[in-house]
Amino acid sequence: MAHRIEVSYKPVYVDALGRATQVRILADLGLKIRQVRTVAVYTLEGELTRPELVRLAQELFCDPVVQLYSVDVPLARRLPWDLLIEVGYKPGVTDSVGQTAQRAIRDLLQREIQAFSSRQYLIQGELTKAQAERIARELLANELIERFSIYERARWDGEIPIVVPAVHLERKPRVETIDLEVSDEELLELSRRRLLALNLEEMRAIRAYFRSRREERASLGLPDSPTDVELEALAQNWSEHCKHKIFRGLIEYRDEETGKTEIIDSVFKTFIEGATREISKQISWLVSVFEDNAGVIKLDEEFNLVFKVETHNSPSALDPYGGALTGIVGVNRDPLGTGLGSRLLFNTDVFCFADPCYSKPLPKGLKHPKRVFEGVRRGVEHGGNKSGIPTVNGALRFDERFLGKPLVFCGTGGIMPARLNSHPSHEKTIEAGDLIVMVGGRIGKDGIHGATFSSDALTEASPTSAVQIGNPFVQKVMMDMLLEARDRGLYKAIHDNGAGGLSCSVAELALLCGGAQLHLERAPLKYSGLDPWEILLSESQERMTLAVSPDRLEDLLKLARERDVEATVLGEFTDSGRFHVLYEGRTIAYLDVEFLLRGHPQKKLRAVWRRPQPEEPQFPQPKDLGQILHKMLGRLNIASKEYVIRQYDHEVQGQTVVKPLVGNDGPSDAAVLWPLEMQRKGSRRGVVVANGINPNYGDIDTYHMAALALDEAIRNAVAVGADPERIAVLDNFCWSSPDDEFRLAQLVRACQALYEYAIAFGTPFISGKDSMHNDFEGELDGQRVKISVPPTILISALGVIEDIKRVVTMDLKEPGNLIYMLGETRAELGGSEYFAMMGEELRGERFIGNGVPKVDAKGAKKRYRALHQAMKAGLIRACHDCSEGGLAVAAAEMAFAGGLGMELDLRSVSASKRFARDDFLLFAESASRILVEVKPEHQKRFEQRMKDCVWSKIGVTVEAPTFRVTGLQGRQIIHENLEALKASWKKPLNG
């Protein structure tokens, strides 16, 4: 029996969601309507009496002061509307609101009743049904995962059918045998059809393995050929997403500039891991790197810091909200599953989109960039805020090449005691006989083939089953329970159920002891009828795998029951060397653990470097540089991101010292946190989080792009007070298909740069991730099109500040202070925002240029050390890095963030002799430069500390709210009002 409870705001109260929807319909679709009201719908399946339904409505779903409800009668009968759109999830898709409602009903009625959520939009206005369909398809519903219905008031019969989107799979679960004794063409077709993402060499390797195991398999009652369980498990564990086959491949690299050819055996081991190996010889604060779900460093002798950044690009392209939400709650589980588990401190997010005002035709299968932007923003907002983890750092980048796939970087940091129950907290130990316990959510069809799907290009036919939707409330309860279990020593090892689900988490833990035996019929399911391979691979969210000693099992299960977290014993770890999977007593997979995790053949690739030769633009200096500054501040890559920042909670937990916005909404260079653990022990030691990213430079040379991203991340951390000797970094690569020899050469050069500059700066890599195949292949106007992201590297920095009372922010503090530029400005505008803007204005496409900024690591390191000592001595009032937009933008941001004016003289700026133009000096993006504010009484002490570095005193702060610049010829070239500059900076995204 199914029932509906509907809830809406009383007509006299504002419906905020309805009003926001009305604004979006006008802004995004250009359709004028009078009003939108919303109705929350809860569909309940089960035996319920009328009094029980009324009780649920009154006590659970409705606030009687501002809301009204209806039971089994549409509220639409009592409300005004012309068109009604109801949106709900399709069967099998995670319904977080429905799940929460189901738990609440169970608590209230003490029995299980299935609950599903949907929402009605009651629209008043002169719209056609076709326009209503456009609103539903383009704004309200994602047809991959959601269904919608439309009703016209003029033709409505007064009823709305009750739809129960439950999954009822009547078929009996089955295990198939997959014949690999076929031609090469058929092997590749099999890989394509089953979405295995395996190449011919890998398919042949699997076939050879099973040929060599025939006798053993016969003794177990297994066929000669693999079962679908075995083949799918191998595909997930061998996926590019899990095994980073390109980064670990054997690359023949030819540099056509030098004529040299070299063989590189794994760019990861050679350059990324290689840099950390070299640096680790000189430092003592690394704890665990490249070995676990996240990297671990020392905060002090008692506590460790944990950090991981992931990407969720492909799922976010299909379902921006669900993909991004899963991205943030998924990366939360990485630090939680590192070592014995960490308490989560912070989130970071970096997004790369096409212009939200994009107006050209879209290829079939793509969503408009505005919808992607809003969906991703909302997904990460919901995942982070509802998990009680502050979002403290991030960035937004815009480029038309992100139209095919957005880049969605999500990161999470944590803290854990250095030792737990006399055991090093970063170490996992498992013995044969320990039990495999899955905790958290249940398993469904959502998220199947997530790892292999993310290892291939996106097309209009990409599978909806790859998309998962997380439930942050369920995960929050699980996380709290697991930390309690950790502190009580109730488990010995923990691992996230992310990519590949149980097939990866159990197999990777099995490496620690030599084997595992898994009984899939014991796994708790969202609904019956899943095939065993689907149970094994599903990436349904909010799940962790534990290794539990038998003598602690009952204590763990009791704690889980008390905390309302589902925990199930699925099998045990062994020393058999085998990954042994059973279903209802029958062996359905029997694989060597080593072959499953490490048996894939090394990928062989060829890379050829040919230096691009972008045209160096030629144009006269604009006459009104004040107006140019306004335009620069309004560039999407420079403009205020307050619209996004304000929707994320950066205060929760009470640990954020330097926030994303400082002063009068100025853009902070980095975040500073004071962990509760430090507060409790009376230590003022804090944590610094920063990042660096700018794909524009890669259009000239990815070598320098990588160096600049690393330098920017370090510089941002140092700018708020991080000790430059205590900064660790994470690398996240997002690249297009490596089948292109030039693109692969760009990857090699980027890795070479990271090796050289990481060693020069002394900043070790502790974790990272690469996301390849960031391409979209589809159709536009009857033609096949391919859209590839630009080569992109995000560097995230994790630093330590000894005394959080010594933090420095970027907003100006008092009038009459001195402004210094640290570092030298060179005629390096290649890849700059200024060239891009002038190209768009003069030619309709961005100029690139070829003078890419270059990092002088030796000089920068000396400068950062000296600046840090000046900060510790209390000599710095404000500090801000120069990056996109150069000197003029950085100085203007400091001024309007502090509400103080600034006067600058370009004749005093330390610069290369080639400068002859004010605009180039104002907007050049030369590396490693920092603006600082110093009191006049500290001038001598400051200059003494910086004596061995390049610096110049270039201006003063003033009381008047103006921004004035004297040019190279001694005349005033900019005189602008601060509030006007700030308005230009805020307008693009904040409206």
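Conventions used here
Residues numbered from 1 in each chain as written. Predicted model: local features only at pLDDT ≥ 70, side-chain atom pairs only at ≥ 80, totals over all residues. Heavy atoms only, no water. Helix = DSSP H or I, 4+ residues; strand = E, 2+ residues; numbered from the N terminus. Rg over C-alpha atoms; globule rule 2.2 N^0.38 Å. Buried < 20%, exposed > 50% of the residue type's maximum accessible area, 1.4 Å probe, protein only. Contact = heavy atoms within 4.5 Å. Areas by Shrake-Rupley, 256 points an atom, 1.4 Å probe, with all protein chains shown as cover. Lys, Arg positive; Asp, Glu negative; His and termini not counted. Charge placed at Lys NZ, Arg CZ, Asp CG, Glu CD. Pairing = 2+ DSSP bridges. Axes fitted to C-alpha atoms, helices over the stretch in contact; angles between N-to-C directions. Parallel < 35°, antiparallel > 145°, perpendicular 65-115°, else oblique. Left-handed = near helix turned anticlockwise from the far one by under 90°. Core = buried A, V, L, I, M, F, W, Y, C linked by side-chain atoms within 4.5 Å. Patch = residues over 30% accessible without salt bridge, like charges linked within 9 Å, V, L, I, M, F, W, Y side chains within 5 Å. Salt bridge = Lys/Arg side-chain N within 4 Å of Asp/Glu carboxyl O. pLDDT = per-residue confidence, 0-100. Expected span 1.5 Å × (residues − 1). Polar contact = N/O pair within 3.5 Å; in protein donor to acceptor, adjacent residues only side chain to side chain. Phe/Tyr/Trp six-rings, centres within 6.5 Å; stacked < 30°, edge-to-face > 60°. Lys NZ or Arg CZ within 6 Å of the ring centre and 35° of its normal. Disulfide = S-S within 2.5 Å.

Asker: Lay out the overall build of the protein with the relevant residues and their values.
Answerer: Scanning the protein from terminus to terminus reveals 30 helices and 42 strands. In terms of C-alpha radius of gyration, the protein reaches 29 Å, essentially the compact-globule figure of 30 Å for 991 residues. In the protein, which comprises 991 residues, the share counted as buried stands at 63%. Here the analysis covers contacts within the protein between residues at least 6 apart in sequence; of these, 81% occur between residues at least 24 apart. Accessible surface, the protein: about 35,800 Å² in total, of which carbon and sulfur atoms supply 47%. In the protein, 127 side chains carry a positive charge and 139 a negative one; their mean positions are 3 Å apart.

Asker: Let's hear about the sheet that holds strand E13 (residues 391-398): which residues, and what values?
Answerer: Spatially, six strands are ordered E9-E10-E11-E14-E12-E13 in an open sheet, and the strand pairing comes out mixed. Whereas interior strands pair on both sides, the edge strands pair on one side only; in this sheet they are strand E9 (286-288) and E13. For this sheet the average axis-to-axis angle between neighbouring strands, irrespective of direction, equals 20 degrees. Pairing of E9 with strand E10 (residues 295-298) involves two bridges; the strand directions are antiparallel. In the strand pairing of E10, Leu 286 is matched with Ile 297.

Asker: Give me the packing of helix H2 (residues 50-61) against helix H3 (residues 96-109): which residues, what numbers.
Answerer: Two measures define how a pair of helices packs: the angle their axes make with one another and the distance between the axes. Look at H2 against H3: their axes get within 11 Å of each other, and the N-to-C directions meet at 115 degrees. Taken as axis vectors, H2 and H3 run roughly perpendicular relative to one another. Of the two possible hands of crossing, H2 and H3 adopt the one that is right-handed. The residues of H3 that touch H2, namely those facing Arg 55, Leu 56, Glu 59, Leu 60 and Phe 61, are Ala 101, Ala 104, Ile 105, Leu 108 and Leu 109.

Asker: Outline the nonpolar core, supporting the account with residue identities and numerical values.
Answerer: Counting residues in hydrophobic clusters, the biggest one holds 130 residues, and the most contacted among them are Tyr 834 and Phe 963. With 13 residues, helix H23 (residues 702-720) is the single largest residue contributor to this core. When near neighbours in sequence (up to four residues on either side) are disregarded, Phe 963 contacts Leu 629, Ala 888, Ala 891, Ala 892, Ala 895, Met 902, Leu 904, Ile 974, His 975, Glu 976, Leu 978 and Leu 981. Within the second largest apolar cluster, 53 residues are counted, among which are Leu 196, Ala 233, Ile 443 and Ile 588.

Asker: Describe a nonpolar patch on the surface, and please don't skip the residues or the numbers.
Answerer: Together, Tyr 9, Val 12, Tyr 13 and Val 65 make up a nonpolar patch on the protein surface, roughly 390 Å² of accessible area in all. Overall, Tyr 13 belongs to the partly exposed group, its relative accessible area being 34%.

Asker: Please set out the confidence of the model for the protein residue by residue, giving values where relevant.
Answerer: On average, residues of the protein carry a pLDDT of 93, and 97% of them reach 70 or more. Long-range and interchain partners of residues 450-466, a stretch whose pLDDT sits below 50, account for 66 contacts in this model, where long-range means more than four residues apart.

Asker: Could you give me a rundown of the pattern of salt bridges, with the residues and numbers involved?
Answerer: Under the defined criterion, the tally for this structure stands at 77 salt bridges. Across the salt bridge formed by Arg 77 and Glu 159, the nearest N and O atoms sit 2.2 Å from each other. Of this pair, Arg 77 sits in the loop between strand E3 (67-71) and strand E4 (83-89) while Glu 159 sits in the loop between strand E6 (146-152) and helix H5 (184-193); the two residues are 82 residues apart in sequence, bridging distant segments of the chain. Judged by relative accessible area, which is 41%, Arg 77 ranks as partly exposed. Residue classification places Glu 159 among the partly exposed positions, given a relative accessible area of 41%.

Asker: Give a detailed account of helix H13 (residues 369-385), specifying residues and quantitative values.
Answerer: In this model, H13 (17 residues) spans 24 Å end to end at C-alpha, consistent with the 24 Å of a helix rising 1.5 Å per residue. A large share of H13 lies buried, amounting to 14 of its 17 residues.

Asker: Would you mind going over the packing of H5 against helix H6 (residues 200-211) in detail, with residue names and values included?
Answerer: At a minimum axis separation of 9 Å, H5 and H6 run at an interaxial angle of 100 degrees. By the angle between their axes, H5 is roughly perpendicular relative to H6. Where H5 abuts H6, its residues Asp 184, Leu 187, Leu 188, Leu 190 and Ser 191 lie against Leu 200, Met 203, Arg 204 and Arg 207.

Asker: Got a sec to walk through helix H20 (residues 625-633)? Specific residues and values, please.
Answerer: Among the nine residues in H20, seven count as buried, and that is most of the element. Taken together, the buried positions of H20 are Leu 625, Gly 626, Ile 628, Leu 629, His 630, Met 632 and Leu 633. Residues of H20 that are buried make contact with helix H25 (833-842), helix H27 (886-898), helix H28 (918-923), strand E41 (962-966), strand E42 (972-977) and helix H30 (978-990). Put simply, Asp 624 is the residue that caps the front of H20, since its side-chain oxygen is 3.1 Å from the backbone nitrogen of Gly 626.

Asker: Could you give an account of the sheet that holds strand E7 (residues 250-255), with specific residues and numbers?
Answerer: Taken in spatial order, the three strands make up an open sheet running E8-E7-E25, and their pairing is mixed. A strand with exactly one partner marks an edge of an open sheet, and here the two such strands are strand E8 (260-265) and strand E25 (604-609). With direction set aside, neighbouring strand axes in the sheet form an average angle of 20 degrees. For E7 and E8, the ladder comprises six bridges, and the chain directions are antiparallel. Counterpart to Ile 251 in the pairing with E8 is Ile 264. The sheet contacts of helix H10 (residues 267-280) involve E7 and E8, and relative to E8 the element is tilted by about 80 degrees.

Asker: Give a description of the packing of aromatic side chains that names residues and reports values.
Answerer: Tallied over the entire structure, the rule returns 28 aromatic pairs. Ring geometry for Trp 609 against Phe 742: centres 5.7 Å apart, planes inclined by 15 degrees, an arrangement best described as stacked. Of this pair, Trp 609 sits in strand E25 while Phe 742 is found in helix H24 (residues 741-761), placing the two residues 133 residues apart along the sequence. Ring centres of Tyr 703 and Tyr 757 lie 6.2 Å apart, and the angle between their planes is 65 degrees; on these two criteria the pair is classed as edge-to-face. Remark: Tyr 757 occurs in helix H24 and Tyr 703 occurs in helix H23; sequence separation between them is 54 residues. For Tyr 757, a relative accessible area of 12% puts it in the buried group. The aromatic ring of Trp 609 is capped on one face by Arg 749, whose charged end is 4.4 Å from the ring centroid. The lysine or arginine in question, Arg 917, covers the ring of Phe 920, its NZ or CZ lying 4.0 Å from the ring centre.

Asker: Can you lay out the pairing of strand E30 (residues 686-692) for me, pointing to particular residues and giving the numbers?
Answerer: The buried fraction of E30 is high, at seven of seven residues. Along E30, one buried face is formed by Gly 686, Val 688, Ala 690 and Gly 692 and the opposite face, lined by Val 687, Val 689 and Asn 691, is buried too. In terms of strand pairing, strand E29 (residues 671-673) meets E30 through three bridges, oriented antiparallel. Bridge assignment links Ala 671 to a residue of E30, and that residue is Val 689.

Asker: Now, about the pairing of strand E2 (residues 35-45): what can you tell me, with residues and values included?
Answerer: Counting buried positions along E2 gives nine out of 11 residues, so the element sits mostly inside the fold. Examined bridge by bridge, strand E1 (residues 2-9) and E2 share seven bridges and lie antiparallel to one another. Residue pairing across strands places Ala 2 opposite Glu 45, the latter belonging to E2. Relative to strand E5 (residues 114-124), E2 is paired through 11 bridges, and the arrangement is antiparallel. In the strand pairing of E5, Val 36 is matched with Ile 123.

Asker: Explain the side chain of Asp 699 residue by residue, including any values.
Answerer: Relative to the assigned elements, Asp 699 resides in the loop between E30 and H23. We classify Asp 699 as buried; its relative accessible area is 15%. Each residue touching Asp 699, except ones within four places of it in the same chain, is listed here: Arg 401, Pro 612, Pro 614, Arg 846 and Ile 848.

Asker: Provide a residue-level description of the state of the cysteines, including the pertinent values.
Answerer: Within this structure, the stated rule accounts for zero disulfides. There is no disulfide at Cys 357, and the cysteine sulfur nearest it, in Cys 352, is 18 Å away. By relative accessible area, which is 65% here, Cys 357 ends up exposed. Sulfur of Cys 410: no disulfide; nearest cysteine sulfur belongs to Cys 734 and is 11 Å away. Taking relative accessible area as the criterion, Cys 410 reaches 1% and is therefore assigned buried.

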